[in-house]
Amino acid sequence: MKPETFPTDYGMWRLFARCGPIFMATFFFMWGVLAGNLPPAGAYLDAAQIKAHYIDNGMAITIGMSISMVGGAFYMAWGCAVSQVMRRIEGPDGMLSSIEMMGATITCAPVIIACGIWLTASIEAPALQPEIVHMLYWLGWMIIDLAYMVTTFQIFAVSIVFLRDTREKPLVPAWVNWWGFVTCAAFFPVSLIPFFKTGPFAFQGAFNFWIAFFTWYIWVTAVSIYVIKAVGRLQIEDGAATGSEAAHRSAVLAARTA
Amino acid sequence: MTELISANHVESRRLPGVEGVWVFIAADMAMFGVLFVSFMLERLENPALFEQSRRALDVNFGGINTLILLTSSWFVCLAVDAAKRDQLPQVPHHLAAAFVCGLAFCASKAFEYTKKLSAGISMLTNDFYMFYYTLTGMHFMHVVAGCVVLGVLWNKSRAGAFTSDNRVGIECGASYWHMVDVLWIVLFPLLYLLR
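The following refers to the structure shown. Just so you know, these numbers come straight off a predicted model, no measurement behind them.

**Description of the overall build of chain B**
Next, step 1: Tallying secondary structure elements over chain B gives seven helices and zero strands in all.
Next, step 2: Principal axes of the C-alpha set define a box for chain B whose edges measure 65 × 35 × 20 Å.
Next, step 3: Counting only contacts in chain B whose residues sit at least 6 apart along the sequence, the fraction spanning at least 24 positions is 81%.
Next, step 4: Accessible area of chain B: about 9,700 Å², with a carbon and sulfur share of 67%.
Next, step 5: Averaging the coordinates of the 14 positive side-chain charges in chain B and doing the same for the 15 negative ones gives two points 7 Å apart.

**Re the packing of aromatic side chains**
Next, step 1: Under the criterion given, the structure shown has 51 aromatic pairs over all chains.
Next, step 2: Ring geometry for Phe 23 of chain A versus Phe 27 of chain A: centroids 5.4 Å apart, planes at 15 degrees, classification stacked. Taken together, the positions of Phe 23 of chain A and Phe 27 of chain A, both in helix α2 (residues 19-34) and four residues apart, correspond to about one turn of that helix.
Next, step 3: Owing to a relative accessible area of 1%, Phe 23 of chain A belongs among the buried residues under this scheme.
Next, step 4: In this structure, Lys 109 of chain B packs its charged tip against the face of Tyr 113 of chain B, placed 5.5 Å from the ring centre.
Next, step 5: Above the ring of Trp 154 of chain B, the side-chain terminus of Arg 158 of chain B is found at 4.3 Å from the ring centroid.

**A few points about the interface of chain B and chain A**
Next, step 1: Chain B puts 18 residues into the contact, and the matching count from chain A is 17 residues.
Next, step 2: Summing both partners gives a buried area of about 1,600 Å² for chain B against chain A, and 92% of it is carried by carbon and sulfur.
Next, step 3: Broken down residue by residue, the surface that chain B buries against chain A is led by Phe 24, Met 31 and Met 130 of chain B, which jointly contribute 31%.
Next, step 4: For the interface between chain B and chain A, the tally reads zero salt bridges.
Next, step 5: In this assembly, chain B and chain A are joined by zero residue pairs in polar contact (both at pLDDT 80 or more).
Next, step 6: Taken together, the elements giving at least two residues each to the side of chain B that touches chain A come down to α2 (19-45) and α6 (127-158) of chain B.
Next, step 7: No other element matches α2 of chain B, which puts 11 residues into the side of chain B that touches chain A.

**Re the layout of surface pockets**
Next, step 1: Considered as a void within the structure, the largest pocket measures approximately 1,500 Å³ in volume.
Next, step 2: In terms of lining, the largest pocket is formed by 37 residues, of which the most central are Phe 156 and Phe 181 of chain A together with Phe 24, Ala 145 and Tyr 176 of chain B.
Next, step 3: Looking at the lining of the largest pocket, the elements that each hand over two or more residues are α7 (148-163) and α8 (174-187) of chain A together with α2, α6 and α7 (168-193) of chain B.
Next, step 4: Element by element, the count of residues in the lining of the largest pocket is highest for α6 of chain B, at 12 residues.
Next, step 5: Its volume calculated, the second largest pocket comes out at about 180 Å³.
Next, step 6: As for the second largest pocket, its lining consists of 13 residues, of which Trp 22, Glu 171, Ala 174, Ser 175 and His 178 of chain B are closest to the centre.
Next, step 7: Of all the secondary structure elements, the ones that give two or more residues to the lining of the second largest pocket are α2, α4 (59-84) and α7 of chain B.
Next, step 8: It is α7 of chain B that contributes the most residues to the lining of the second largest pocket, six residues altogether.

**A look at helix α3 (residues 47-56) of chain A**
Residue and element names in this part refer to chain A.
Next, step 1: Within α3, burial applies to Ala 47, Ile 50, Lys 51, His 53 and Tyr 54. Along the axis of α3, the buried positions cluster into a sector of 155 degrees, meaning they face one direction only.
Next, step 2: The inward-facing, buried residues of α3 contact α4 (58-90), α5 (95-124) and α6 (130-146).
Next, step 3: Sitting at the head of α3, Asp 46 places a side-chain oxygen 3.2 Å from the backbone nitrogen of Ala 48.

**A look at the packing of α5 of chain A against α6 of chain A**
Residues and elements named next belong to chain A.
Next, step 1: Where α5 meets α6, the axes come as close as 8 Å, and the angle between the chain directions of the two elements is 170 degrees. Taken as axis vectors, α5 and α6 run roughly antiparallel relative to one another. Only Leu 136, Tyr 137, Leu 139, Gly 140, Trp 141, Ile 143 and Ile 144 of α6 make contact with α5, whose side of the interface consists of Pro 110, Val 111, Ile 113, Ala 114, Ile 117, Trp 118 and Ala 121.
Next, step 2: Here the residues of the contact of α5 with α6 sort into 13 nonpolar, one polar and no charged.

**Remarks on the environment of His 142 of chain B**
Residue and element names in this part refer to chain B.
Next, step 1: Within the fold, His 142 resides in helix α6.
Next, step 2: The spacing of His 142 and Val 23 is 119 residues in sequence and 16 Å in space, taken between C-alpha atoms.
Next, step 3: Setting aside residues up to four positions removed in sequence, His 142 forms contacts with Asp 28, Phe 32, Tyr 176, Met 179 and Val 180.

About the criteria used
Residues numbered from 1 in each chain as written. Chains lettered and ligands numbered in written order. Predicted model: local features only at pLDDT ≥ 70, side-chain atom pairs only at ≥ 80, totals over all residues. Heavy atoms only, no water. Helix = DSSP H or I, 4+ residues; strand = E, 2+ residues; numbered from the N terminus. Contact = heavy atoms within 4.5 Å. Areas by Shrake-Rupley, 256 points an atom, 1.4 Å probe, with all protein chains shown as cover. Lys, Arg positive; Asp, Glu negative; His and termini not counted. Charge placed at Lys NZ, Arg CZ, Asp CG, Glu CD. Phe/Tyr/Trp six-rings, centres within 6.5 Å; stacked < 30°, edge-to-face > 60°. Buried < 20%, exposed > 50% of the residue type's maximum accessible area, 1.4 Å probe, protein only. Lys NZ or Arg CZ within 6 Å of the ring centre and 35° of its normal. Buried area = accessible area lost by both parts, 1.4 Å probe. Salt bridge = Lys/Arg side-chain N within 4 Å of Asp/Glu carboxyl O. Polar contact = N/O pair within 3.5 Å; in protein donor to acceptor, adjacent residues only side chain to side chain. 1 Å grid on protein atoms, 1.4 Å probe; cavity = no way out; pocket = protein on both sides within 12 Å on 5 of 7 lines; lining within 4 Å. Points joined across faces, edges and corners; volume = space filled by probe spheres on them. Arc of directions from axis to C-beta. Axes fitted to C-alpha atoms, helices over the stretch in contact; angles between N-to-C directions. Parallel < 35°, antiparallel > 145°, perpendicular 65-115°, else oblique. Nonpolar A, V, L, I, M, F, W, Y, C, P; charged D, E, K, R; others polar.

This is the structure we're talking about:
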């Protein structure tokens, strides 16, 4: 018995591919701008200064972190769309496509948990000892930053698969994939953040904040743009394949009847 | 005739490897550039501490490591040149020599780190050593990755994978390895020699 086939819902692919830019915009404006993390309060600040920061900016941080927690899930949906496009290069049993989907899904967890911790700190700051607020602030940073290896697996899988694309004009250009490797390389020094309160390797530092975060931002934006375009291209490819198949069938039928 | 000259001109101006590897090299060097600038800015704030700490580094180690990496880059050049000339048996020999140089660098660096750590000097000792360990550590990771790349290239070259018509892979690896070399050539004077 021939297995039943279902038409591909490219509209859904396109919709979820757009979740990448939605995540980036939400995170940038809510977590970065509104909650005052561009740049964040420094690791060198003492407990009283961190508590004062949370009390002074309480409402902005509360709104920013609440919306960031919601927006974090869009990264998962985007990761699923990227994975679907990857399977068209790697095949339905592709291991790297699965790693990408898992990587994107699990990346959401530290983002959402860290934002939840900072949200709690902003709500409870007036009633808490400064040391507790300080601990919550650091806890958030350790979770959001040091889980980078999960995202590294995701980026590595995406870059490898799209580099293997044998189309004359690949779905995702090579430079984006090589930028993915740059992003992976930029993540590793993040492991140094527990050791430094100032300088480029502190969590607010030139390297571990500005470079590590923004190479990732650029990568997500670039992959999103090309994956959205890729969905349209795949739809055209499938249409052409279906069309040529139909033409072939007509030709065979015509030959038989003749 | 004009077409031949034009074709030769295009060939001589061809970018080695693939464009993507140059994106990686440019971005990676820019990241190191940020760290070099950070080092210089910190140094300006505390020149006495940086000078005192610098004097405690063993210049001989730095010098030997420089020679090792320059030699390995030379072997990589010979390997690419052999592939261009279709001297296929020579390619794996040169790559193996470059790989051994890479391992020698790793061994030398590990010995240097051990010596420093056993003397009680870690990256938490002061700002100079923070930069010393992180800059050389990141470079060390690049050397390790480069050794893996050289190992893969060596394995492929034994099967005659790289020829004058098919040398993109070896050129990508060579370009990366030269970047690792160039980074060390900046790092060595910055950390060991700059007074």
